Amino acid sequence: MFDGPFQPFYDPSTQRCLRDILDGFFPSELQRLYPNGVPFKVSDLRNQVYLEDGLDPFPGEGRVVGRQRMRKALDRVEEHPGSRMTAEKFLNRLPKCVIRQGEVIDIRGPIRDTLQNCCPLPARIQEIVVETPTLAAERERSQESPNTPAPPLSMLRIKSENGEQVFLLMMQPDNTIGDVRALLSQARAMDASAFEIFSTFPPTLYQDDTLTLRAAGLVPKAALLLRSRRDPKSSLNFSSGPCPGPGPSPGPSPQ
C-alpha cells in the first residue's frame, strides 16, 4: 500500500483493513488521505512469491558450522503464515516481572510501550447493539410466534468517527434518518447535531431527517459511517440523500 512494503495477511493492520472492506466500510487507514473515498482494484496474486528488495532467492543450499544443512530458500516459505508470533504472543512469552536485588522489575510493560510506539497495535472494534423499538418488537415476536415470517427490516452497521465502535441498529424500512440519528444520539450520550451520517462510493451525506430508510436505499441492510459535523462549505462534494449514478454504492447492500 502506498508503494510501501508488502503487508502480510496475518498482520493486525492488514486484518483490520480487510475487516473494514468485508463489512462494507472504507478502510480507516485510508480515510485521512482520501476523505471522499478512492476506488479499489483487486488482483489475485496468491500464486506469486513476494521477494524483499527485489532480490532473487538463493538457488543453492546453505550450511552453518555445527548445524545440519539448511533447506533451500524456496522451501523456507512458511507453511502456516497465520501462526507467526504477534506482539501479544511475544509479550505473553516474557515474564511479567523479575526480582533483582530485592526489587521487583516490570518486564512486559516497558516492552509493550516500546512496541506500541514503533508500531501501534490497532484498537479492537467494539460492536454495540442499539436497543431500538424494532428490535424489541422482533424479540417479542420470536418468543410468542417463532414460526411467523419476519417482516421486512433494515439492518444498519454504523461505524463511529474513530473506527473503534460499530453500532448495530434494527430498523423498520419506513423509519427515517432522523430516527436513526436520535437513536445514535441516545446510545452515544451526545447531541444529535454533533455528528453526520454518510456512506461512500458514491459519497452520500444523509442530511434530510424526514427521508425514510427505504427511500434512501438502506433496505434490507447497509454500512454507514459517522463523522463530526463539518462546515457546510466542506460538504459540497456530498449529496443529500441517495446519489443517483451508473455505479453501485458499497454503502447500501443490494436487494
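Our subject is the structure that appears above.
Worth saying up front: this structure is predicted, and the values here are computed from it rather than measured.

**Q** Kindly report on the overall build of the chain, identifying the contributing residues and their values.
**A** Along the chain, the regular secondary structure elements total six helices and nine strands. Across the 255 residues of the chain, 27% fall into the buried class. In the chain, 63% of the contacts between residues at least 6 apart in sequence involve partners at least 24 apart. Just so you have it, the chain exposes about 17,500 Å², and 55% of that area is on carbon and sulfur atoms.

**Q** Describe the packing of aromatic side chains, listing the residues and the values that go with them.
**A** Counted under the stated rule, the structure contains zero aromatic pairs. Over the aromatic face of phenylalanine 195 sits the side chain of arginine 188, whose NZ or CZ is 4.8 Å from the ring centroid.

**Q** Run through the environment of proline 39, naming residues and quoting values.
**A** With respect to the element layout, proline 39 can be found in the loop between α2 (28-31) and α3 (87-92). As a C-alpha pair, proline 39 and phenylalanine 201 span 162 residues in sequence and 8.0 Å in three-dimensional space.

**Q** Before we move on, can you summarise the nonpolar core with the specific residues and values?
**A** Counting residues in each nonpolar core, the largest one holds 21 residues, and the members touching the most others are Leu156, Leu169, Val180, Leu184 and Leu218. Residue assignment for this core shows that the elements contributing at least two residues are β4 (154-159), β5 (165-171), α6 (177-188), β6 (195-199) and β8 (221-228). Residue contributions to this core peak at four residues, all from α6. Those residues within four positions of leucine 184 in sequence are excluded, and the remaining contacts are Ile158, Phe167, Leu169, Phe195, Ile197 and Leu226. Of all hydrophobic cores here, the second largest spans six residues; its members include Phe25, Val166, Ala223 and Leu225.

**Q** Explain helix α5 (residues 133-144) to me, using residue names and the numbers behind them.
**A** In this model α5 runs 17 Å from its N-terminal to its C-terminal C-alpha over twelve residues, within 8% of the 16 Å that 1.5 Å per residue would give. All of the buried residues along α5 are Thr134, Leu135 and Glu138. One face of α5 carries all of its buried residues, which in axial projection span an arc of 95°. What points out from α5, more than 90 degrees from its buried face, is the exposed set Pro133, Gln143 and Glu144.

**Q** Would you mind going over the side chain of asparagine 175 in detail, with residue names and values included?
**A** Here asparagine 175 is to be found in the loop between β5 and α6. Using a relative accessible area of 19% as the deciding quantity, one classes asparagine 175 as buried. A polar contact of 2.7 Å, which involves the side chain of asparagine 175, links it to the backbone nitrogen of glutamine 172. Other than its neighbours up to four places away in sequence, asparagine 175 contacts Thr134, Leu211, Thr212 and Leu213.

**Q** Please provide a residue-by-residue account of the pattern of salt bridges, values included.
**A** Under the counting rule described, the total for this entry stands at eight salt bridges. Here arginine 181 and aspartate 209 are joined by a salt bridge, their closest N and O atoms 2.9 Å apart. Of this pair, arginine 181 sits in helix α6 while aspartate 209 sits in the loop between β7 (204-205) and β8, and the two are 28 residues apart along the sequence. Overall, the relative accessible area of 35% leaves aspartate 209 in the partly exposed class. Of the charged contacts in the structure, one is a salt bridge between arginine 227 and glutamate 196, with a shortest N-O distance of 2.7 Å. Linking arginine 227 in strand β8 with glutamate 196 in strand β6, this pair joins segments that are 31 residues apart in sequence. Grouping residues by exposure puts arginine 227 and glutamate 196 together as buried.

What counts and what doesn't
Residues numbered from 1 in each chain as written. Predicted model: local features only at pLDDT ≥ 70, side-chain atom pairs only at ≥ 80, totals over all residues. Heavy atoms only, no water. Helix = DSSP H or I, 4+ residues; strand = E, 2+ residues; numbered from the N terminus. Buried < 20%, exposed > 50% of the residue type's maximum accessible area, 1.4 Å probe, protein only. Contact = heavy atoms within 4.5 Å. Areas by Shrake-Rupley, 256 points an atom, 1.4 Å probe, with all protein chains shown as cover. Phe/Tyr/Trp six-rings, centres within 6.5 Å; stacked < 30°, edge-to-face > 60°. Lys NZ or Arg CZ within 6 Å of the ring centre and 35° of its normal. Core = buried A, V, L, I, M, F, W, Y, C linked by side-chain atoms within 4.5 Å. Expected span 1.5 Å × (residues − 1). Arc of directions from axis to C-beta. Polar contact = N/O pair within 3.5 Å; in protein donor to acceptor, adjacent residues only side chain to side chain. Salt bridge = Lys/Arg side-chain N within 4 Å of Asp/Glu carboxyl O.

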